[in-house]
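# Analysis of the macromolecular model
Spelled out from the first residue to the last, the chains are:
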Amino acid sequence: MSQKININNLVRANIKALKPYSSARDEFKGTADVFLDANENPFGDLNRYPDPQQKKIKEKLSAIKKVKADQIFIGNGSDEVIDLAFRIFCEPGQDKVLTFTPTYGMYNVSANINNIEVIEQPLINDFQINLNQLQPYLDFEDLKIIFICSPNNPTGNSLNPEDIEYILENFNGIVIVDEAYIDFSGQASFIKNIDKYDNLIVSQTFSKAWGLAGVRVGVAYASQAIIALYNRVKPPYNVSTLNQEAVLNSLNNLNVVTQNIETILEERTKLKEALSKLEIVKKIYLTDANFLLVEVDDANKTYQYLIEQKVIIRNRNTQVKNCLRITIGTPEENERLIATLNTI
C-alpha cells in the first residue's frame, strides 16, 4: 500500500504564495569568462558565491543513493532540514507536531522557535513505538508532522520499520524519518520508500559516519514536490563553497568513509565488552548507532568523576534514569575511558 497525499494541501498559505528570492547564480546557468552580475569582489580565492543548488553534490548522491537529483535537498546541517519543515508545513500558534521520547532535542527547540506545540509520545518496551497510544493522534487535523528518529538518539536502537510504515500509511501529514545514524545500522534506509509515500521526508547528515560534523551539511530525500518547497524557502546560498568542497572530497573517497565506519563498529563491540565487565555498569542497551547508552549506579556521580579526569561523555540521566551516552572514539580514546572508569 502507498500513501497518496496532495502535499499542496499541507503547505502554509504564505508559503504557497511566496515568490522565492532569485539569486544571480540562479538566473544564469552556464559557463562564462566574466561575471559582473552578483556584486562580488573581483579579487580573491573565495570571492564568488557558491552554487546555490549544490548540483555536483546532488549528482554524486543521486548515483550513490539511487534517487533523482531533484529528490535531494542539501541543507546547512540536518537542523536546517528540520527547521524548514516547520516553516513550510506548520502554522505558528496553531499546528502541532509529534515526537517519540526520549529523542533528539532539536525537534523541541525548533518547534519552540517556530511557536509550534509538541505532543510527546513515550517509547515503550526497549524504546519502541506504542501504536495503540499513537492511534488517536493520527486523525488530529492540526497535527502536521511526526518526527521519527531511527536509529534513535539517545537510545541508539532502530525503531520497528513496520511501525514506521504503518504511520506513513495512516497519517495524512508529513512524516520525517531522521536517519543521522543509519550508516552504523543493519537496517535498510527509508530512502527506498520516497516514491511510495508522498508524505515521507528522510533526513541524513554528513556529521556522523562521514566525519564532517564541522562542515554542517545535512540532506533531505523526498518527493520532487517536497524538495521544490524546500528550495523555495531556503536561503539562496545556504551551503558555503568550502563546505561543498569538503563534502565532494568525501564523496570521491568512499573507501575511506567505509573503512572508518568498519573501525567504529569494531570498536563499538570492543567497548561494549569492556564496559560489561565493570561493576558500576548495570545495563548496556542495544545500539545501531555510533554510541552506547549505558545504565550505571549513579550517572551524575560517574559523569562528574569523568569530567575531573578530562574524559567527556554525555549525561542522559534526565532522559533515561542513570544513563550515560558514550560515543565510540578511537581505540586510544576508548581505552582511556575504560581505564578511567576502572579507577572509580
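What follows covers the overall build of the protein. The number of helices and strands found in the protein is twelve helices and eleven strands. Computed over the C-alpha atoms, the radius of gyration of the protein is 22 Å, within 12% of the 20 Å expected from 2.2 N^0.38 for a compact globule of 344 residues. Referenced to the eigenvectors of the C-alpha coordinate spread, the extents of the protein come out at roughly 65 × 55 × 35 Å. When burial is assessed residue by residue, the protein has 51% of its 344 residues classed as buried. Pairs at least 24 apart in sequence give 70% of the contacts found in the protein among residues at least 6 apart. Carbon and sulfur atoms make up 49% of the accessible area of the protein, which totals about 16800 Å². A gap of 2 Å separates the mean positions of the 36 positive and 43 negative side-chain charges of the protein.

Attention now moves to the layout of surface pockets. By volume, the largest pocket amounts to about 610 Å³. Arg25, Tyr49, Pro50, Asp51 and Lys55 are the residues nearest the centre of the largest pocket, which is lined by 21 residues in total. Looking at the lining of the largest pocket, the elements that each hand over two or more residues are helix H3 (55-65) and helix H9 (241-251). When residues in the lining of the largest pocket are grouped by element, the largest group, four residues, is from H9. Residues of the lining of the largest pocket, tallied by class, amount to seven nonpolar, five polar and nine charged.

Bringing the nonpolar core into the picture now. Counting residues in hydrophobic clusters, the biggest one holds 72 residues, and the most contacted among them are Leu61, Phe100, Ile146, Ile167, Phe206, Tyr221 and Leu275. What Ile146 contacts, discounting residues up to four positions off in sequence, is Leu98, Phe100, Leu138, Ile167, Phe171, Ile174, Val175 and Ile176. Among the nonpolar cores identified, the runner-up in size contains 31 residues, and Leu10, Ile82, Ile116 and Ile174 belong to it.

Moving on, we come to the pairing of strand S11 (residues 323-327). Within a regular strand, the side chains alternate between the two sheet faces. Summarising burial for S11: four of the five residues are buried, a large majority. Direction of pairing for strand S9 (residues 291-296) relative to S11: antiparallel, over a ladder of five bridges. Residue pairing for S11: Glu295 is matched across the bridge by Cys323. For strand S10 (residues 314-315) and S11, the ladder comprises two bridges, and the chain directions are antiparallel. Bridge pairing in S11 links Asn315 to Leu324.

Conventions used here
- Residues numbered from 1 in each chain as written.
- Predicted model: local features only at pLDDT ≥ 70, side-chain atom pairs only at ≥ 80, totals over all residues.
- Heavy atoms only, no water.
- Helix = DSSP H or I, 4+ residues; strand = E, 2+ residues; numbered from the N terminus.
- Rg over C-alpha atoms; globule rule 2.2 N^0.38 Å.
- Buried < 20%, exposed > 50% of the residue type's maximum accessible area, 1.4 Å probe, protein only.
- Contact = heavy atoms within 4.5 Å.
- Areas by Shrake-Rupley, 256 points an atom, 1.4 Å probe, with all protein chains shown as cover.
- Lys, Arg positive; Asp, Glu negative; His and termini not counted.
- Charge placed at Lys NZ, Arg CZ, Asp CG, Glu CD.
- 1 Å grid on protein atoms, 1.4 Å probe; cavity = no way out; pocket = protein on both sides within 12 Å on 5 of 7 lines; lining within 4 Å.
- Points joined across faces, edges and corners; volume = space filled by probe spheres on them.
- Nonpolar A, V, L, I, M, F, W, Y, C, P; charged D, E, K, R; others polar.
- Core = buried A, V, L, I, M, F, W, Y, C linked by side-chain atoms within 4.5 Å.
- Pairing = 2+ DSSP bridges.

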